[in-house]
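Coordinates in review
Spelled out, the chains give:
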Amino acid sequence: KMGTDAQGNDEVYNLWKDAKNPSGIWRKTTLASYESNNPQWKTVLDVDELSKREGVSWVWRGTRVLPRARDTMSGGGKRVTR
C-alpha cells in the first residue's frame, strides 16, 4: 500500500505500508529513479523496527515540506546572510 509522496530537491520520499511493515517505512529515491519503471528506494526510517527496538508503539503522522532556509552566520563580527 503506497502512501503519499513528498518531493524535496532532487529526491522523492514515500511512506510504504504492507503486511510486513504495517506501521510503514519512510523511504526516498532520486527523482530520476522515481520516474523509472523500477525505482530504487533507500530506507530512511523503518517505523516497525524503531517500535520494536525502543519498545514503544510509534505511529507515523506525516511530514511537512518546509521552504528552503537561509543560512545566517557571523564572520569577523559582521552578520552574513546567504
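As shown above, the structure is provided for reference.
Keep in mind that this is a model prediction, so the values were computed, not measured.

Basis of the calculations
Residues numbered from 1 in each chain as written. Predicted model: local features only at pLDDT ≥ 70, side-chain atom pairs only at ≥ 80, totals over all residues. Heavy atoms only, no water. Helix = DSSP H or I, 4+ residues; strand = E, 2+ residues; numbered from the N terminus. Buried < 20%, exposed > 50% of the residue type's maximum accessible area, 1.4 Å probe, protein only. Contact = heavy atoms within 4.5 Å. Areas by Shrake-Rupley, 256 points an atom, 1.4 Å probe, with all protein chains shown as cover. Pairing = 2+ DSSP bridges. Arc of directions from axis to C-beta. Polar contact = N/O pair within 3.5 Å; in protein donor to acceptor, adjacent residues only side chain to side chain.

The number of helices and strands found in the protein chain is two helices and six strands. For the protein chain, the N- to C-terminal ordering of α and β elements is β-β-β-α-β-α-β-β. Expressed as a percentage of its 82 residues, the buried residues of the protein chain come to 17%. The long-range fraction of contacts in the protein chain, counting pairs at least 24 apart against all pairs at least 6 apart in sequence, stands at 20%. Total accessible area computed for the protein chain in this model is approximately 6,800 Å², and 49% of it derives from carbon and sulfur atoms.

Further remarks concern the pairing of strand β3 (residues 25–30). Here strand β2 (residues 11–16) pairs with β3 via six bridges, running antiparallel. Across the sheet, residue Val-12 finds its bridge partner in β3, namely Thr-29.

Each α-helix turn comprises 3.6 residues. Residues three or four places apart therefore point the same way. What helix α2 (residues 47–54) keeps buried is the set Val-47, Leu-50 and Ser-51. The buried residues of α2 all sit within an arc of 100° when viewed along its axis, so they share a single face. Facing away from the buried side of α2, by more than 90 degrees, are the exposed residues Lys-52 and Arg-53. On its buried face, α2 sits against β4 (42–46). Capping of α2 at its N-terminal end is provided by Asp-46; its side-chain oxygen lies 3.1 Å from the backbone amide nitrogen of Asp-48.

Here the focus is the environment of Val-44. Within the secondary structure, Val-44 sits in strand β4. Measuring from C-alpha to C-alpha, the distance between Val-44 and Leu-15 comes to 9.8 Å, with 29 residues separating the pair along the chain. In this view, Val-44 contacts Tyr-13, Trp-26, Arg-27 and Lys-28; residues no more than four positions away in its chain are not counted.

Interpretation in functional terms is not warranted from these geometric data alone.
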